[in-house]
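# Understanding the architecture of this molecule
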Amino acid sequence: MTGLSESLWLALLLGVGFGFFLERAGLGSSVKLAAQFYLTDLTVFKVMFTAIVTALVGLGALSAVGLVDLARIELPRTFVLPQLVGGLVFGVGFVVGGYCPGTGCVGLSSGRLDAVAVVVGMLVGAFAFAEVYPLLAKFYVTTPLGAITLPELVGIPGWVGGAAIVAIAGAGFWLAENIERRHA
Amino acid sequence: MSTPRPYSNPYVAGVGLGLVLLATFVLVGHGIGVSGAAASVAAAATDAVSPAHARDNPYFAAYLGDGSRSPLHDWFVVEVAGILIGGLISAAMARRVRPAVERGPRATARSRLAYAFAGGAVMGFGTRLARGCTSGLALTGGALLSVGAWIFMIAIFAAGYAVAPLVRRQWT
């Protein structure tokens, strides 16, 4: 086996794990996903932030004992305005369509026809972006900050920034449980 | 007809997702993404229908490369195939596989499908502008404390809450 095909088997395996846990959590259901925005079911927030904290703490621990070199992990680059506007556009599409791309995939595999419509729409959206890309090419690369982390931006040690995110997530979970109890 | 089993505890499922993401970081050196694969599929489909049109487009041209390999021969495309399989395994185990148009009690199936398509298109456009989605940018970059990922994530929730009252009939 070549290196590439080994890496593609790993891609398949990791994808299976990701899809499995998304569906387990109930994120293959658009009604459950949309409930996040009406504060009746905050599963989206809880799952997302638990996953972030788990990966964050795991990476921190593995790097502390020297098993992982953080510099070798690809950090998504920052383009402030495109990512701000892209996020606003995405958020509108999310609450109107009811799925994000990953959850749309698991909704589709559990037979939800509205998820099929979202996934088809998503392909059309990507096509539309490519079509108008020449008009957006300048905006697409504005406000670049490079591969930068929040702790680097504010000038604090990485572990302090990580601990702050964990604390914020913890407070968020406490708040989410209280909001759900109030809306139940 | 068997009744669907209840969903997992969100914190337990979240730890599972986080461990898969952690394994991806350690074993592959990058995170999990979905919307880039959608762009690969869109590029491949455009190339199949009109190769000249696809190649003239500067955005798709990057996905098509020198043409020696299909844009579908890509780590993230295979990973998304895995997500589809993983979702099916979990849904089948919990007896949740059923064809349905999920919607709020006041929405019709037809309006819901139209909204789903439109929302998917708007979202797909947003992912390309932001260079990622909730998986590849918000979750992956969120765990790595990427500045852009957190800007993106906050913008998603802000816009979602702002627009939610306008589409309430679809959901509640």
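Everything numeric here is computed off the predicted structure, so don't read it as measured data. Throughout, residues of each chain are indexed from 1 in the direction in which the sequence is written. The order in which chains are written sets their letters, starting at A; the order in which ligands are written sets their numbers, starting at 1. Reporting in this predicted model follows two pLDDT cut-offs: at least 70 for local features of residues, and 80 or more for side-chain atom pairs to be given and counted; totals over whole chains, interfaces and linings ignore these cut-offs and use all residues. The side-chain quantities take in all heavy atoms of the structure and omit both hydrogens and water.

### Points about the overall build of chain A
When helices and strands are tallied, chain A shows eight helices and two strands. Labels follow the DSSP assignment, with helices taken as runs of H or I lasting at least four residues and strands as runs of E lasting at least two, numbered in each case from the N terminus. Mapped in sequence order, the helices and strands of chain A form the string α-α-α-β-α-α-α-β-α-α. For the C-alpha atoms alone, the extent of chain A along its principal axes is close to 50 × 45 × 45 Å. Each residue gets one of three labels from its accessible area relative to the maximum for its type: buried under 20%, exposed over 50%, partly exposed in between, using a 1.4 Å probe on protein chains only. Burial statistics for chain A: of 184 residues in total, 53% are counted as buried. Computed with the Shrake-Rupley method and a 1.4 Å probe, the accessible areas treat only the protein chains shown as cover for residues. Counting every atom, chain A has about 7,900 Å² of accessible surface; 73% of that belongs to carbon and sulfur. Mean positive and mean negative side-chain charge positions of chain A (9 and 10 charges, respectively) differ by 6 Å. In this tally, Asp and Glu contribute negative charge and Lys and Arg positive charge; neither His nor the terminal groups of the chain are included. To locate a charge, the coordinates of NZ of Lys, CZ of Arg, CG of Asp or CD of Glu are taken.

### Let's talk about the confidence of the model for chain B
Confidence of the predictor at the level of single residues is given by pLDDT, which spans 0 to 100. For chain B, per-residue confidence averages 96 on the pLDDT scale, and 99% of positions sit at 70 or higher. Here the prediction assigns the complex a pTM of 0.96, and the interface score ipTM is 0.97.

### A closer look at the pattern of salt bridges
Salt bridge, as used here: a side-chain nitrogen of Lys or Arg that lies within 4 Å of a carboxyl oxygen of Asp or Glu. Applying the stated criterion across every chain, the model contains seven salt bridges over all chains. Here D41(A) makes a salt bridge to K32(A), at a shortest N to O gap of 2.8 Å. Across the pair, exposure class does not vary: D41(A) and K32(A) are buried alike. Between R112(A) and E102(B) there is a salt bridge, with the nearest N and O atoms lying 2.9 Å from each other. Placement of R112(A) in the loop between α5 (101-109) and α6 (113-140) and of E102(B) in the loop between α5 (75-93) and α6 (109-130) is noted, with the two residues assigned to different chains. Accessibility assignment for this pair places R112(A) and E102(B) in one class, buried. Three or more residues joined by partner-sharing salt bridges are found here, namely K46(A), E177(A) and E180(A).

### Regarding the domain arrangement of chain B
Residues and elements named next belong to chain B. Source of the domain bounds: an automatic or database domain assignment. What the domain assignment lists for chain B is domain 1 (1-98) and domain 2 (102-172). Taking only C-alpha atoms, the centre of domain 1 and the centre of domain 2 are 17 Å apart. Together, L21, F25 and S35 form the three largest contributors to the area buried by domain 1 at its contact with domain 2, with a combined 49%. Linking domain 1 to domain 2 there are zero salt bridges. Here a polar contact means two N or O atoms within 3.5 Å. Within protein one must be a hydrogen donor candidate and the other an acceptor candidate, and residues neighboring in sequence count only if both atoms are side-chain atoms. Viewed at the interface, domain 2 and domain 1 are joined by five residue pairs in polar contact (both at pLDDT 80 or more). Listing elements by their share of the side of domain 1 that touches domain 2, those giving two or more residues are α1 (10-28), α2 (35-49) and α4 (58-64). By definition, the buried area sums, over both parts, the 1.4 Å-probe accessible area that each loses when the two are put together.

### Focus: the state of the cysteines
In this description, a disulfide is simply a cysteine sulfur pair whose atoms lie within 2.5 Å. Tallied over the entire structure, the rule returns zero disulfides over all chains. No disulfide involves C100(A); its sulfur sits 6.5 Å from the nearest other cysteine sulfur, which is in C133(B). When its relative accessible area of 8% is taken as the criterion, C100(A) is described as buried. No disulfide involves C105(A); its sulfur sits 8.9 Å from that of C133(B), the nearest cysteine.

### Thoughts on helix α8 (residues 158-183) of chain A
Compared with an ideal rise of 1.5 Å per residue, which puts 26 residues at 38 Å, α8(A) spans 37 Å between its outermost C-alpha atoms and is within 8% of the ideal. If you check which residues of α8(A) are buried, you get G161(A), G162(A), I165(A), A169(A), G172(A), F173(A), A176(A), I179(A) and E180(A). Tucked inside the fold, the buried residues of α8(A) contact α3 (43-64) and α7 (150-154) of chain A together with α1 and α8 (147-163) of chain B. In this scheme, a helix's expected span is set at 1.5 Å multiplied by one less than its residue total. Should any heavy atoms of two residues lie within 4.5 Å, those residues are counted as being in contact.

### Concerning the interface of chain A and chain B
Facing 116 residues of chain A, the contacting portion of chain B comprises 114 residues. Summed over both sides, the interface between chain A and chain B buries roughly 10,100 Å², with carbon and sulfur atoms accounting for 77% of that surface. Ranking the residues of chain A by area buried against chain B places F18(A), R24(A) and Y38(A) at the top, with a combined share of 8%. Viewed at the interface, chain B and chain A are joined by three salt bridges. R112(B) is the partner of D114(A) in a salt bridge, and the nearest nitrogen-oxygen pair spans 2.8 Å. One can count 38 residue pairs in polar contact (both at pLDDT 80 or more) joining chain A with chain B. Examining the composition of the side of chain A that touches chain B, we find that 22 residues originate from one element, α6(A), more than from any other.

### A short note on the nonpolar core
Buried Ala, Val, Leu, Ile, Met, Phe, Trp, Tyr and Cys residues that are joined via side-chain atoms within 4.5 Å together make up what is termed a nonpolar core. Counting 78 residues, the largest nonpolar core has F18(A), M48(A), F49(A), F90(A), V95(A), F25(B) and M153(B) as the members making the most contacts within it. With 11 residues, α3(A) is the largest single contributor of residues to this core. Mapping this core onto the domain boundaries places at least three of its residues in each of domain 1 (1-98) and domain 2 (102-172) of chain B. Here F90(A) is in contact with C100(A), P101(A), M123(B), G126(B), T127(B), C133(B), T134(B), F152(B) and I156(B), once residues within four sequence places are set aside. Core analysis: the next-biggest nonpolar cluster, separate from the first, contains 12 residues, Y133(A), Y140(A), A43(B) and F60(B) among them.

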